[in-house]
Amino acid sequence: LAKTTQPISMDSYEGQEVNITCSHNNIATNDYITWYQQFPSQGPRFIIQGYKTKVTNEVASLFIPADRKSSTLSLPRVSLSDTAVYYCLVGDFGGSQGNLIFGKGTKLSVKP
Amino acid sequence: DVKVTQSSRYLVKRTGEKVFLECVQDMDHENMFWYRQDPGLGLRLIYFSYDVKMKEKGDIPEGYSVSREKKERFSLILESASTNQTSMYLCASSLGGDSAETQYFGPGTRLLVL
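Residues numbered from 1 in each chain as written. Chains lettered and ligands numbered in written order. Predicted model: local features only at pLDDT ≥ 70, side-chain atom pairs only at ≥ 80, totals over all residues. Heavy atoms only, no water.

1. A few points about the overall build of chain B
For clarity, the cut-off: Strands are runs of DSSP state E lasting at least two residues, helices are runs of H or I lasting at least four, and both sets are numbered from the N terminus onward. Every radius of gyration here is taken over C-alpha atoms, with the globule rule written as 2.2 Å times N^0.38, N being the number of residues. Note on classification: 1.4 Å probe, protein chains only; a residue is buried when its accessible area is under 20% of the maximum for its type, exposed when over 50%, partly exposed between these limits. The criterion used for residue contact is that any of the two residues' heavy atoms lie within 4.5 Å. To be clear on the numbers: accessible area is Shrake-Rupley with a 1.4 Å probe, and residue cover counts the displayed protein chains and nothing else. Charge counting treats Lys and Arg as positive and Asp and Glu as negative, with His and both chain ends excluded. By convention, the charge on Lys lies at NZ, on Arg at CZ, on Asp at CG and on Glu at CD.
When helices and strands are counted, chain B shows 0 helices and 11 strands. In chain B, the order of α-helices and β-strands from amino to carboxyl end is β-β-β-β-β-β-β-β-β-β-β. Taken over C-alpha atoms, the radius of gyration comes to 13 Å for chain B, in line with the 13 Å a tight globule of 114 residues would show. Projected onto the principal axes, the alpha-carbon positions of chain B cover approximately 40 × 30 × 25 Å. Buried residues in chain B amount to 49% of all 114 residues. Looking at chain B alone, contacts between residues at least 24 apart form 56% of all its contacts between residues at least 6 apart. Accessible area of chain B: about 5,500 Å², with a carbon and sulfur share of 50%. Placing the 15 positive and 16 negative side-chain charges of chain B at their respective mean positions leaves the two points 8 Å apart.

2. A closer look at the side chain of T109 of chain B
All names here are of chain B. How we decide: What qualifies as a polar contact is a pair of N or O atoms within 3.5 Å, subject to a donor-acceptor requirement within protein and to the restriction that residues adjacent in sequence count only when both atoms come from side chains.
Secondary-structure assignment places T109 in strand β11 (residues 109–113). Note on T109: relative accessible area 1%, which makes it buried. At 3.3 Å, the side chain of T109 and the side chain of Q6 are in polar contact. A polar contact of 2.5 Å, which involves the side chain of T109, links it to the backbone oxygen of S8. Setting aside anything within four residues of it in sequence, one finds T109 in contact with Q6, S8, R9, L11, L21, S87, M88 and Y89.

3. A look at the sheet that holds strand β8 (residues 73–78) of chain B
Residue and element names in this part refer to chain B. Filter applied, for reference: By this definition, two strands are paired if DSSP reports at least two bridges between them. Working convention: axes come from line fits to C-alpha atoms, limited for helices to the stretch in contact. Angles between N-to-C directions cover 0 to 180 degrees.
As summarised here, the arrangement of the 4 strands in space is β1-β3-β8-β7, forming an open sheet in which the pairing is antiparallel. Every interior strand has two partners, whereas the edge strands, β1 (4–6) and β7 (65–70), have only one. Within the sheet, the average angular offset between the axes of one strand and its neighbour, ignoring direction, is 20 degrees. Sheet topology places β7 next to β8; 4 bridges connect them, and they run antiparallel. Counterpart to V66 in the pairing with β8 is L76.

4. A look at the pairing of strand β6 (residues 61–64) of chain A
Residues and elements named next belong to chain A. The sheet contact formed by strand β5 (residues 53–56) and β6 spans 4 bridges and is antiparallel. Across the sheet, residue V55 finds its bridge partner in β6, namely L62. Linking β5 back to β6 in an antiparallel pair, the connection comprises 4 residues. Sheet topology note: the β6/strand β7 (residues 70–75) ladder contains 3 bridges and is antiparallel. Bridge assignment links F63 to a residue of β7, and that residue is T72. Linking β6 to β7, which pair antiparallel, is a turn of 5 residues; within it R68 sits at a positive phi near 60 degrees.

5. Notes on the environment of T53 of chain A
Residue and element names in this part refer to chain A. Considering the arrangement of structural elements, one finds T53 in strand β5. Residue T53 is classed as exposed on the basis of its relative accessible area, which comes to 52%. With 15 residues separating them in the primary sequence, T53 and R68 have C-alpha atoms 8.7 Å apart. Contact partners of T53, with chain neighbours within four places excluded, come to L62, F63 and I64.

If you want it as structure tokens, here you go:
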């Protein structure tokens, strides 16, 4: 099973770019990498997903090296409202869903 | 937008009580999930279901059971609640199929077992 490892916490200031790295050394061929964001007292919310190389959407970018043993979520120019916990999820999501694995999350604190 | 609702935001029960947590999704999703979330442990999968009346154990099924009689509803049951089941419970759903897909989460139920 592909376990994930993330930093427990990170601090940043408004306007900075934030990069959060997730390690998943045992990622399987069929696994995708997905990141979720969670605010206090809410359920997690999908941010971005990728399989390899780079993916970008209106919220973030996801960088995945060729060996896929890690991935980096990049948040450009963070604001106070980006303060949240960010989860890295690795799984194939198809057929049997039994191998969904969430990391423990990274608590991002954005300061003015 | 997909909407996942959970029957209660907060719940207080006593040890030994039978507890039902209900989850409903309105997008005809095939897959539904129950997680619990505890400080320092992140989200852990309890059970999931990929079809009506179908269920699979997740990482921590002990002490829990589930029921999915209708496609839109997935219930988590604590047969005899214990204090170590005090937690935040999150329900999620996803479309289903072979492609990688997003999970949509409900707001969570914070359960306190006394």
